[in-house]
Amino acid sequence: MTTAPWRDPALPAAARVDDLLARMTLEEKTAQLYGVWVGAATDGDGVAPLQNQMSADHDWDELITHGLGQLTRPFGTAPVDPAVGARSLARAQHRIREAGRFGIPALAHEECLAGFTAWRATAYPVPLAWGATFDPALVEEMARRIGHDLRSVGVHQGLAPVLDVVRDARWGRVEETIGEDPYLVGTIGTAYVRGLESAGVVATLKHFAGYASSAGARNLAPVRAGVRELADVTLPPFEMALREGGARSVMAAYTETDGVPASADPALLTALLRDEWGFTGTVVADYFGIGFLETLHRVAGTPAEAARLALAAGIDVELPTVRCYGRPLLEAVRAGEVPEELIDLSARRVLLQKCELGLLDEDWTPEPAGDPAAIDLDSPANRALARRLAEESVVLLDNPDGLLPLAPDARIAVVGPRAADALAMLGCYSFPSHVLPHHPEVPAGIDIPTVLDALRAELPDAKVTFTEGCDTSGPDTSGFEEAVARAAEADVCVAVLGDRAGLFGRGTSGEGCDASDLRLPGVQGALLDALVATGVPVVLVLLTGRPYALGRWHGRLGAAVQAFFPGEEGGPAVAGVLSGRVNPSGHLPVSIPQLPGGQPWTYLQPPLGLAGEVSNLDPTPLYAFGHGRSYTTFAWEDFTGGPGSGPGGGAETGTDGTYDVSVTVRNTGDRAGAEVVQLYLHDPVASVTRPDVRLIGYRRLELAPGEARRVTFRFHADLAAFTDRAGRRAVEPGALELRLAASSADVRHTARLTLTGPARVLGPDRRLHCDTEVSPVD
């Protein structure tokens, strides 16, 4: 029997796909360009925007006769036992192969924002917590585990990471982001991509691009960012994750920028992404994003017109289900309204990816390796990693009088609506928060200790009482009296406050749960006032998806701890910080404001965005980006600012040169701890206004008591580049300052540097990150 060239794994993938495409009909090629969402609700509350309006039932048997591009969320749509789900997915793949002329299976995708969004799968901390760790290696390890879990049940593509940079903390999806700085987002996001891709799973970068800059922080609202904000803040994390992480897919954003929806923007999805950056993978639509060109953006009059715009812009795959890329697109091609060459171009990309994944090989099987009954999506190793990530992410904001760690035999009043609720640990894309609200009879499927339970286990000799005090978002204050009474009887009150993750207004944080200001939700602020008024020391513990304004209580609290939805092991992690078992090492990936109004604001401000005499409003945050305290102390010693320069510097290098800054960090306390050394750039004079400081490098150092390590940052002039008046990314000659700091506001050492020579215009091969080197010190 002769094997067709497209089936021959010895041939290059491009040759195999070219042979296959030449054999396919228009219907068969088009069938590769959409997914199908089996079991998606068409009424009631959904998990995607306007799901009930945009979903439709399809004749499955008829649909798969020409093949199928993708299967949408076979595990993430309803609670299904992992073993049962793996067998069911395998059966669906067998049917797809048998129905089509070429036997090409579908590519199965799932959400994996904070772990595999499936029943009984590990719920890791949310991305904002990843940012708080400043630990790319740990995030890469987590992503690798997520990828292995996805592959173990037959899933090929993960819809993560989110690389949106926070521009307004009121936005509901802040919890899904990594932070407010593009370098932090880029490096942590790239680590996640590397981990997922190393497990053989296609990482999908989202949301490309500008989604987080929506006006008024409203979900899907128009983006009014300027070209320099997009070029210098929004786009760099995507470029880094593609070039250095190797991501193989990109998801187009829902939003429009300056009147052009991302899903219909060839300048973004083709000219920039493919022609300039050289991306060769697939571009997928955000759920119903192509249909929204007709129904929400109104730049298309029909589904066929929406399909034409999206395909021409560069979107290869319609997700989550077929609406525009099916019959409407076929008819448009036959009518001469859409060139068949566009179908060929996208189908080729889809099939190349399937070829890379082995889906075109004759011996490919959808059956899970090993015994499906042995599949464990929440293994002890997963939980141990979730615990470590959660522990590294907890930020000690303040501990002015050393109230923490708590005394082991203290009388502790635990108060607050987030203390005894397991869901207080989880973001909106964790399966129990994302899907199980539609299945109230189904248990969570994973063990999620609460802060209250974990604290009791952590401090068995303490006398711990509890009362809720109030609801997360409701107006009822009737529980205040009991809360005050419990606090008055205690040595210390632990107030556990924060968010409830949800979707489209069904929570205080999450997709479509945008905030009008940054006050604590509901009456939680008033509850905290009442507790502080007792005179009993209050430890504030926040479990949130965004930062909230805390200036009202500054100087009135015994201590303050911030955790950003720390996942299934978050309760023990927070309790460990309170007890002292865990030495806190998290640093803020977002600023914490003084006042709840005055948004939007992040630390990336030019001079007129900072406090000054020209306005009575002071936007200076209460706790700056990068801030985080520890139970130990660190000394930053022996700073050198490069060859031939000492403190105060004055060195020179070319606009294409490098320059080293080094410092020795010593743990001067009596317990092990971690310090995050951060490198910021200050550009005193430039041709366009620049942020006063911006992060260009960092390194997390784990140090035993008395231990010292020397960290060297190798600054390259490319890191000083920005978009100039002509729209070019350029390095300009002139003076710079390199600031080694413990936060964006806590500078420890400064090196002054002058870049000499001509201005340089950079291409796509520019340096994107700052190399660091760590060496032991005798």
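Owing to the predicted nature of the structure, the values given are computational and were not obtained by experimental measurement. (Residues numbered from 1 in each chain as written. Predicted model: local features only at pLDDT ≥ 70, side-chain atom pairs only at ≥ 80, totals over all residues. Heavy atoms only, no water.)

Draft legend 1. Representation of the overall build of the chain within the structure. Scanning the chain from terminus to terminus reveals 21 helices and 27 strands. Against the globule reference of 28 Å for 778 residues, the chain gives a C-alpha radius of gyration of 26 Å, in line with a compact fold. Along the longest, intermediate and shortest principal axes, the C-alpha atoms of the chain span 80 × 70 × 50 Å. Out of the 778 residues belonging to the chain, those deemed buried represent 63%. For the chain, the computed accessible surface area is about 27200 Å², with 49% contributed by carbon and sulfur atoms. (Helix = DSSP H or I, 4+ residues; strand = E, 2+ residues; numbered from the N terminus. Rg over C-alpha atoms; globule rule 2.2 N^0.38 Å. Buried < 20%, exposed > 50% of the residue type's maximum accessible area, 1.4 Å probe, protein only. Areas by Shrake-Rupley, 256 points an atom, 1.4 Å probe, with all protein chains shown as cover.)

Draft legend 2. Geometry of the pattern of salt bridges. Summed over all chains, the structure comprises 53 salt bridges. A salt bridge links Glu511 to Arg173; its shortest N-O distance comes to 3.3 Å. One end of the pair, Glu511, is in the loop between strand 13 (492–498) and helix 20 (524–532); the other, Arg173, is in the loop between strand 4 (157–159) and helix 8 (182–198), with 338 residues separating them in the sequence. Exposure remark for Glu511: the relative accessible area of 2% places this residue in the buried category. The salt bridge partner of Arg418 is Asp421, with a shortest N-O separation of 2.7 Å. Via salt bridges that share partners, Asp378, Arg383, Arg387, Glu391, Glu458, Glu568, Glu569 and Arg581 belong to a single interconnected network. (Salt bridge = Lys/Arg side-chain N within 4 Å of Asp/Glu carboxyl O.)

Draft legend 3. Region of interest: helix 18 (residues 451–458). Of all the positions in helix 18, only Val451, Leu452, Ala454 and Leu455 are classed as buried. With its buried residues spanning 165 degrees around the axis, helix 18 presents them on a single face. Contacts from the buried residues of helix 18 go to strand 11 (411–415), strand 12 (463–467), strand 13, strand 14 (538–544) and helix 21 (570–579). (Arc of directions from axis to C-beta. Contact = heavy atoms within 4.5 Å.)

Draft legend 4. Representation of the side chain of Thr77. Locating Thr77 in the fold gives a position in the loop between strand 2 (70–72) and helix 5 (82–99). You can call Thr77 buried: its relative accessible area is 18%. At 2.7 Å, the side chain of Thr77 and the side chain of Trp37 are in polar contact. Within polar-contact distance, the side chain of Thr77 engages the backbone oxygen of Arg73 at 2.7 Å. (Polar contact = N/O pair within 3.5 Å; in protein donor to acceptor, adjacent residues only side chain to side chain.)

Draft legend 5. Expanded view of the sheet that holds strand 22 (residues 722–723). Across the sheet, which stays open at both edges, the three strands sit in the order 22-23-26 with antiparallel pairing between neighbours. With partners counted over all chains shown, the strands left at the sheet margins are strand 22 and strand 26 (760–761), one partner each. Two elements, strand 22 and strand 23 (residues 729–731), share two bridges in a ladder whose sense is antiparallel. Directly across from Thr723, in strand 23, lies its bridge partner Arg729. (Pairing = 2+ DSSP bridges.)

Draft legend 6. Representation of the nonpolar core within the structure. Counting 206 residues, the largest nonpolar core has Tyr192, Phe208, Tyr325, Phe715 and Leu738 as its most contacted members. When residues in this core are grouped by element, the largest group, seven residues, is from helix 8. Once you skip the residues sitting within four places of it in the chain, Phe715 turns out to touch Gly657, Thr658, Tyr659, Leu681, Ile696, Ala720, Leu736, Leu738, Leu753 and Cys770. Counting 38 residues, the second-largest nonpolar core is a separate cluster that includes Ala123, Val492, Ala575 and Leu578. (Core = buried A, V, L, I, M, F, W, Y, C linked by side-chain atoms within 4.5 Å.)

Draft legend 7. Structural detail: unusual backbone geometry. With an omega of 10 degrees, the peptide bond between Ala160 and Pro161 qualifies as cis. By the secondary structure assignment, Pro161 is in the loop between strand 4 and helix 8. Residue Lys206 is joined to His207 through a cis peptide bond whose omega torsion reads 5 degrees. Note that His207 resides in strand 5 (residues 202–208). Of note in the backbone geometry, Arg298 takes a positive phi value of approximately 60 degrees without being a glycine. Assignment of secondary structure puts Arg298 in the loop between helix 12 (289–295) and helix 13 (303–313).

Draft legend 8. Highlighting the packing of aromatic side chains. Inspection of the entire model under this criterion finds 16 aromatic pairs. An angle of 80 degrees between the planes, with centres 5.8 Å apart, marks the rings of Trp6 and Phe102 as edge-to-face. Linking Trp6 in the segment before helix 1 (13–23) with Phe102 in the loop between helix 5 and strand 3 (107–111), this pair joins segments that are 96 residues apart in sequence. Ring geometry for Trp171 and Tyr211: centres 5.1 Å apart, planes at 85 degrees, overall edge-to-face. Pair noted here: Trp171 is in the loop between strand 4 and helix 8 and Tyr211 is in the loop between strand 5 and helix 9 (227–234), with a separation of 40 residues, a long-range link. You can call Tyr211 buried: its relative accessible area is 0%. Each residue in the set Trp37, Trp171, Tyr211, Tyr254, Tyr287, Phe288 and Phe292 is aromatic and connected to the rest through ring pairs, giving one cluster. (Phe/Tyr/Trp six-rings, centres within 6.5 Å; stacked < 30°, edge-to-face > 60°.)

Draft legend 9. Representation of the sheet that holds strand 20 (residues 694–703) in the model. Spatially, the five strands line up as an open sheet ordered 17-25-24-19-20, and their pairing is mixed. A single partner strand is all that each edge strand has here, and the edge strands are strand 17 (651–654) and strand 20. Taking the axes of each pair of neighbouring strands and ignoring which way they run, one obtains an average angle of 30 degrees across the sheet. Note that strand 19 (residues 673–682) and strand 20 share nine bridges and pair antiparallel. Note on strand 20: the bridge partner recorded for Leu681 is Arg694. (Axes fitted to C-alpha atoms, helices over the stretch in contact; angles between N-to-C directions.)

Draft legend 10. Representation of the confidence of the model for the chain in the model. Of the residues in the chain, 96% have a pLDDT of 70 or more, and the chain-wide mean is 95. Here residues 644–649 is a poorly scored stretch, pLDDT under 50, and it has six contacts once near neighbours within four places are set aside; other chains count. (pLDDT = per-residue confidence, 0-100.)

Draft legend 11. Summary view of helix 15 (residues 340–356). The end-to-end C-alpha distance of helix 15 is 24 Å, a good match for the 24 Å that 17 residues give at a rise of 1.5 Å each. Within two residues after helix 15, Gly358 carries a phi angle of roughly 85 degrees, on the positive side. (Expected span 1.5 Å × (residues − 1).)

Draft legend 12. Structural detail: the packing of helix 19 (residues 480–488) against helix 20. As a packed pair, helix 19 and helix 20 sit with axes 9 Å apart at the nearest point and diverge in direction by 35 degrees. Along this stretch, helix 19 crosses helix 20, giving a crossing that reads as right-handed. Of the residues in helix 20, those in contact with Phe480, Ala483, Val484 and Ala487 of helix 19 are Ala526, Leu527, Ala530 and Leu531. The residue inventory of the contact of helix 19 with helix 20, partitioned by class, reads eight nonpolar, no polar and no charged. (Left-handed = near helix turned anticlockwise from the far one by under 90°. Nonpolar A, V, L, I, M, F, W, Y, C, P; charged D, E, K, R; others polar.)

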